[in-house]
Amino acid sequence: MTYVKISPNSTVHNDGGWSPTPLHSKINDGVESTYITSTVANGTSVVGFGTYTITGSQRIGRIRIVAQTFSSPSRNLRFRVGNYASGSWHTWSTITAGTLATDNGPWLTTAPSGSEWSQSAVDNIEIGFQGDVSSGNTARIVNLELELDIRDAPTVVATGPALGLTPSAVALTPAPELRLPERRALPGSSSPLERSPTSPQ
């Protein structure tokens, strides 16, 4: 298996008060000094992702969110995988932001529709996120990625019957019974093939 990470490449929607914009450009560079923060409670913003092309011999086993966050005091941030235009989403996953750290969301083994992850599903994948905003909130999203677990499809090898001779049943015919001619007693003998001694003439 191979693990691949893809980064956001577009800002799809922003009603969460997250800034600065464009959001995706601040959370796809892996730099701690660039980040986004929100001032609107529970507003949802969405970023789109570049795709990953799978070959005919591969499939996507599962996908998860990888988020680097920071907050002081600690605050909850919610993330979900899906597509804004279709309205099809996985349920929210909560990450508690505190000291600067990278957290992994749960592995998602199916697309939001419940079907296996396909090339089309990956092409249209997006992440929505919300901030639990309150007075003095400093929650930040520093970096955001999707991690794909790429697996090679099993190779099916067709095998034929082994070369060689297959023993077949051979019916053995019993040999004919050998019958010896019946022995007969000679004249003057008491048993077959026995002669009584006679005096020489």
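**Student:** I'm lost on the pattern of salt bridges in this one. Help?
**Tutor:** For side chains bearing opposite charge, pairing can occur when the charged atoms are close. For the structure shown, the criterion picks out four salt bridges. Across the pair Glu 147 and Arg 64 runs a salt bridge whose closest N-O atoms are separated by 2.8 Å. Of the two residues, Glu 147 is situated in strand β12 (residues 140-152) and Arg 64 in strand β6 (residues 58-70); the sequence distance between them amounts to 83 residues. We note that Glu 147, like Arg 64, is buried.

**Student:** Can you help me understand the packing of aromatic side chains in this one?
**Tutor:** What describes a pair of aromatic rings is the distance from one ring centre to the other and the angle between the planes of the rings. If you walk through the whole model with that rule in mind, you get three aromatic pairs. With 6.0 Å between their ring centres and 40° between their planes, Tyr 3 and Trp 107 make a pair best called tilted. Here Trp 107 lies in the loop between β10 (101-104) and α1 (119-123) and Tyr 3 lies in strand β1 (residues 2-6), a separation of 104 residues in the sequence. With a centroid separation of 5.3 Å and 80° between ring planes, the pair formed by Trp 18 and Phe 129 is classed as edge-to-face. Taken together, the residues Trp 18 in strand β3 (residues 18-19) and Phe 129 in strand β11 (residues 126-131) connect sequence positions 111 residues apart.

**Student:** Sorry if this is basic, but what is going on with the layout of surface pockets here?
**Tutor:** The calculated volume of the largest pocket comes to roughly 170 Å³. Lining the largest pocket are 13 residues, with Asn 83, Ser 88, Ala 111, Pro 112 and Ala 121 positioned closest to its centre. A total of three residues in the lining of the largest pocket trace back to one element, the largest contributor, which is strand β7 (residues 75-83). Counted by class, the lining of the largest pocket contains six nonpolar, seven polar and no charged residues.

Rules used throughout
Residues numbered from 1 in each chain as written. Predicted model: local features only at pLDDT ≥ 70, side-chain atom pairs only at ≥ 80, totals over all residues. Heavy atoms only, no water. Salt bridge = Lys/Arg side-chain N within 4 Å of Asp/Glu carboxyl O. Helix = DSSP H or I, 4+ residues; strand = E, 2+ residues; numbered from the N terminus. Buried < 20%, exposed > 50% of the residue type's maximum accessible area, 1.4 Å probe, protein only. Phe/Tyr/Trp six-rings, centres within 6.5 Å; stacked < 30°, edge-to-face > 60°. 1 Å grid on protein atoms, 1.4 Å probe; cavity = no way out; pocket = protein on both sides within 12 Å on 5 of 7 lines; lining within 4 Å. Points joined across faces, edges and corners; volume = space filled by probe spheres on them. Nonpolar A, V, L, I, M, F, W, Y, C, P; charged D, E, K, R; others polar.

Just distances and angles here, no functional claims.
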